[in-house]
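If you want the building blocks of each chain, they are given just below.
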Amino acid sequence: MKSSFAEEVNRGIADIGVDVRFNWLQVSPSPRERDLFGLPVGFKLAKKLSMAPEDAARAVSERIDRSKIAYSDDIIVEDGYINLKVDRVRLFRDILKLAGEEMLGRGETKHETIMVEHTSVNPVHPLHVGSGRNAVIGDSFARILKFLGWNVRRHYLVNDCNLQVAILAAGRSLIKDLSPTGKVDHWYGLVYAMANAVLEIRKLREESSEEYIEEEIRDWEDTIERIRKVAPEIAKGITELSEEKVMDLLKRYQKGEEDVKILFREVAGSVLRGFTETLSRMGITYDQFDWESELIWESWVNKALSKLEESGYLGREGNAIYVDLRRALKEREDIRNIFGLSYDDVIRLEREGKLDEVVPSKFYLTRSDGTWLYTGTDVAYSLYKTEMGVSRCYNVIATEQTLEQKEVRASLSLMGYDPDFLVHLAYEMVNLIGIKMSGRRAKYITLDDLLNEAKEKVKEILKERDLTSNDLIEEISEKVAIGALKYALISVSPTKVVQFRWERVLDLEANSGPFVQYSYTRAYSILQKAGSIPRDFDVSLLNSEIEMALVYKLGEFPEKVYSAYALLRPDLISQYANDLASLFNRFYESHPVLSAPNGYRDARLGLVLGVKGVLGLALDLIGIPRLEKM
RNA sequence: GGGCCCGUAGCUCAGCAAGGAUAGAGCGGCGGCCUCCUAAGCCGCAGGUCGGGGGUUCGAGUCCCCCCGGGCCCGCCA
C-alpha cells in the first residue's frame, strides 16, 4: 500500500518535471483520521514550482492514477499533504489474513546465502553479560535475515591462538592431574585468572619496586586470595609461570606440535563446551565453529599473505609482517573510502604530519617471533569467508574494534575483494551498574548466574500465584528467565551502552520480555478457549479506536523488520513487540472476545489470531520463547 | 592530541536512516480497577530550555558548523 502510493506520487511529481522523490517508508499516518496516510508533497514542491504548497500538492494529486495504488479509496489534499484514504475493509482483511498465517513481513526465498559471525568469545573464562549482548544481537540478526528470505549461516570463530589462551593452557599444564569440577568454563575461568595473577606479579616484581607497582601487586594478590577460597587446589598448583613459557607454548601450538595441540584443544574445547551449553540453553546455536588455529595450519594465513604480497602493500620488519596502510592510503581510492578520507584529506594530513594519528600507518599481522596476531588470522578468516559461497558476512563485534574492522576490510580490498563483503555490526559494551568486571581477575557476573537467579525469581512468583502445576513451573520459569535476560540485552540500540541493572532483568513488568510473552499467552489462551476460529469474518466490525489501531499496528510489522535489517537494529523488533503487546493489553481489558455478540466475536477472534501471529513472529525474531501458559 | 560514538521526563530508553501535521514509552511517585477471556495486566495524575549556541529551511529532537559533558579506540593485546 505504502510503496504503491509513494511510487504513484513520485510518478506524478516526475510528470510535472520536478526532481523530488519520496521513499515508501516516509508515508505516515495522519493524526487527524485513522484511515489516512500522507506525504508532505506540497511543501517540498512549493518553491520549485513557485506555487503555494496547497496548489502544488493539488497539481501532483491531479496526475495521480488512483487505480495504481493498492487499497486506495480516495486522495485528499490537505495542508500541503497528499493523503491517501485507504479502503479499510480490504486492507484489514489482507493484514489479518497474513498475520494469522504468520506470513506477514516474511520475505520471498532469495536463493542467496548470508553469513553472520557472532559471539566468538575468547575461550578463557565464562560468558558474561557483554558476551551475552553479542550473542543475542547476532542470533536475532541472523533470524531476521532468515525471515526475510536469505539462507543464513551462523559461524563462531574460536580464538584459540592468542596470548590469553596460551596463558590458560600454561596454567592448565601445571595442574594436569586435576580434573575440572562444576561447570567446566567456570573452572577454567579460575585457572585463567590464577595463571594471569601469577604472571602479572612476576612481571611487576621484575619492573621495579615503586609504590604504585606494589599496589598493583597487592591487587593481584587479592585475586589469588579469592581464588584460594573457592578453589584451593587450583591456587596451590599454579605458583610459577613465566612469559617465556607462555610465548613458547603459543609458538609451538601455532606450529601444530602434537603434544601442545592436545593441551590447547583440551582447554579451548572444554571452555567452548561450557559456552555452547549456556548458549543453547538460551536458544542460540551455530552452523559452524571455525578454529583460528586451523586458519594457520590449513594455510589460509599464507594464502592471505601471498595475495597481499601481490598487491604490493605488504611490509616486513624482521619476522614481523604488516600491511602498509600509509602507502595504500596515498595510492588507493578504495582504501581511502574505507577510512572515510578524500585524497585531499590524506595529502593535508600527511603534510601536517598527522596522517598516522587518523589511521595507523602499519597494520601488523604477525609478531617479530613469527607468531600470528589476531589481526593476521582475522584477515585470513575474511579471505576464508569469501570462499564460502556466501554473498556477504556480518561481523557482530564490539564497537571498540571499529578501527580493526576497517583495517581488515582494507586488507580484503587490497587482496582484490569487495570490502563491503564484510559488514561490521557494531554494538556497545554492557555496563553492569555497581560492579566492575575483569575477566583476568575472575570478577564477572556470568550469564549462567543471571539466568539462574532470574529463574528463581520467576519460580517464586509462580508459586505465589499457585496457577500452575509443579511440572510446568520448571519450563515456564526457564523460558521467562530467558525472555527477561534476552530482552534486557537486545532492547537498547546497539550503538548505546547498556546500563544493566540486576533489578531490571528481574523486572517482569511492562517493557520487558515477560510482558511480551504474557501478552502472547493471553492471545493464545483466548484462541484455545474459543475452540474453532472462524475463517471468514466481517472486518468492518473492528471499528473501535483501539481495534483499528491494533490492525494498523500489525500492518507496520513488515517495515519494522526491514528497518531492523537495513539499519542493523534488532532492537527495533523488541520495541515493536512491546508496543504491540501494550496495545493488545488495552484491547484485552476493554473488549470482551468470547462473550461478544456473534459477528463481533468472530471478527475479534480474527484480530486476536493476527496479534498472536505477529507477536509470535516478533518473539521468534528476537529469540524469546513463546509461552502458552504463564 | 586525533578519530568514532553517545547526550530526549528524577532514572532507563524510543523517536534521528527518509526534516513535516499536538515530543512518546517503561521504571520510580501519587490515586484508582480482580463475582467478567490469566492483575506478569489496565485507567488517571504529576513530570520536558530534546546538553548549549549558531546556521540551512515555509518547517529542526531529526540536517550542517562550533562548543560543553561522558564513553571507546589510537598495542608486534583481542
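The rules we used
Residues numbered from 1 in each chain as written. Chains lettered and ligands numbered in written order. Predicted model: local features only at pLDDT ≥ 70, side-chain atom pairs only at ≥ 80, totals over all residues. Pairing = 2+ DSSP bridges. Helix = DSSP H or I, 4+ residues; strand = E, 2+ residues; numbered from the N terminus. Axes fitted to C-alpha atoms, helices over the stretch in contact; angles between N-to-C directions. Near = placed C-beta within 6 Å. Nonpolar A, V, L, I, M, F, W, Y, C, P; charged D, E, K, R; others polar. Domains from an automatic or database assignment. Buried ≥ 20, exposed ≤ 12 C-beta atoms within 10 Å, placed from the backbone. Core = buried A, V, L, I, M, F, W, Y, C linked by C-beta atoms within 7 Å. Contact = placed C-beta atoms within 7 Å. Right-handed = clockwise from strand over helix to strand, strands pointing away. Expected span 1.5 Å × (residues − 1). Arc of directions from axis to C-beta. Parallel < 35°, antiparallel > 145°, perpendicular 65-115°, else oblique. Left-handed = near helix turned anticlockwise from the far one by under 90°.

### Considerations on the sheet that holds strand β10 (residues 362-364)
Spatial strand order, β8-β9-β10: three strands in an open sheet with antiparallel pairing. The open sheet has two edge strands, β8 (314-317) and β10, and neither has a second partner. For this sheet, the mean angle separating the axes of adjacent strands, direction not counted, is 40°. Pairing of strand β9 (residues 320-324) with β10 involves three bridges; the strand directions are antiparallel. By the bridge assignment for β10, Val323 is matched with Phe363.

### Structural notes on the protein's contact with RNA strand B
If you check the shell around RNA strand B, you find 77 residues, and the closest are Leu25, Pro31, Gly38, Phe43 and Ser493. Broken down by element, the residue count for the surface near RNA strand B peaks at eight residues, all from helix α23 (residues 513-530). For the surface near RNA strand B, the per-class residue count stands at 35 nonpolar, 26 polar and 16 charged.

### A closer look at the pairing of β8
In terms of strand pairing, β8 meets β9 through four bridges, oriented antiparallel. Looking at β9, one finds that Gly315 is bridged to Tyr322. Hairpin connection from β8 to β9: two residues lie between these consecutive antiparallel strands, with Gly318 at a positive phi of about 65°.

### Quick word on the domain arrangement of chain A
According to the domain assignment, chain A consists of domain 1 (2-86), domain 2 (163-283) and domain 3 (509-630). The straight-line distance from the C-alpha centre of domain 1 to that of domain 3 is 31 Å.

### Some details on the environment of Glu474
The topology assignment puts Glu474 in helix α21 (residues 470-490). Of the residues examined, Glu474 has 13 C-beta atoms within 10 Å and is grouped as partly exposed. Sequence spacing of Glu474 and Lys455 is 19 residues, and the spatial spacing of their C-alpha atoms is 8.6 Å.

### Focus on the environment of Lys629
Residue position: Lys629 is located in the segment after α26 (598-621). Measuring from C-alpha to C-alpha, the distance between Lys629 and Thr446 comes to 28 Å, with 183 residues separating the pair along the chain.

### Notes on the sheet that holds strand β1 (residues 28-29)
Taken in spatial order, the four strands make up an open sheet running β1-β2-β4-β3, and their pairing is antiparallel. Edge positions in the sheet fall to β1 and β3 (72-78), since each has one partner strand and no second.

### Here's the deal with the nonpolar core
One finds Met194, Ala195, Leu615 and Ala618 to be the most contacted residues of the largest nonpolar core, which totals 190 residues. In contact with Ala195, not counting residues within four places along its chain, are Ile167, Leu168, Ala170, Gly171, Ile238 and Leu241.

### Digging into the pairing of strand β5 (residues 113-117)
In terms of residue burial, β5 counts as a mostly covered element, since four of its five residues are buried. Looking at chain direction, β5 and strand β6 (residues 151-158) are connected through five bridges and run parallel. Note that in β6 the partner of Met115 across the bridge is Arg153. As a crossover connection, the stretch from β5 through helix α5 (residues 129-147) into β6 is right-handed.

### Examining helix α10 (residues 243-255)
The terminal C-alpha atoms of α10, which comprises 13 residues, lie 18 Å apart, in line with the 18 Å expected from a rise of 1.5 Å per residue. Taken together, the buried positions of α10 are occupied by Val246, Leu249, Leu250, Tyr253 and Gln254. Angular distribution of buried residues about the axis of α10 spans 130°; they occupy a single face of the element. Looking at the buried positions of α10, the neighbouring elements they touch are α6 (163-174), α11 (258-281) and α12 (292-297).

### Some points on the packing of α5 against helix α24 (residues 545-566)
Packed helices, taken two at a time, are described by the angle their axes make and the gap between the axes. Remark: α5 packs on α24, axes separated minimally by 10 Å, with the N-to-C direction vectors making an angle of 125°. With respect to α24, the axis of α5 lies oblique. In the crossing of α5 with α24, the sense of the turn from one axis to the other is left-handed. Contact residues: Ile144, Leu145 and Phe147 in α5; Val561, Ala564 and Tyr565 in α24. A breakdown of the residues in the contact of α5 with α24 according to their chemical character gives six nonpolar, no polar and no charged.

### Details of unusual backbone geometry
Of note, the phi angle at Glu102 is positive, near 60°, even though the residue is not glycine. For Glu102, the location among the structural elements is in the loop between α4 (88-100) and β5. Positive phi is not limited to glycine here, since Ser120 has a value of about 40°. Mapping Ser120 onto the fold places it in the loop between β5 and α5. Residue Ser120 is classed as buried on the basis of its C-beta count, with 22 C-beta atoms lying within 10 Å.

### Quick notes on the packing of helix α18 (residues 374-386) against helix α19 (residues 402-414)
Relative to each other, α18 and α19 sit at 50°, their axes nearing to 10 Å. Relative to α19, the element α18 lies oblique. Here α18 and α19 pass one another in a crossing that is right-handed. Where α18 abuts α19, its residues Thr375, Asp378, Val379 and Ser382 lie against Glu404, Glu407, Val408, Ser411 and Leu412. For the contact of α18 with α19, the per-class residue count stands at three nonpolar, three polar and three charged.

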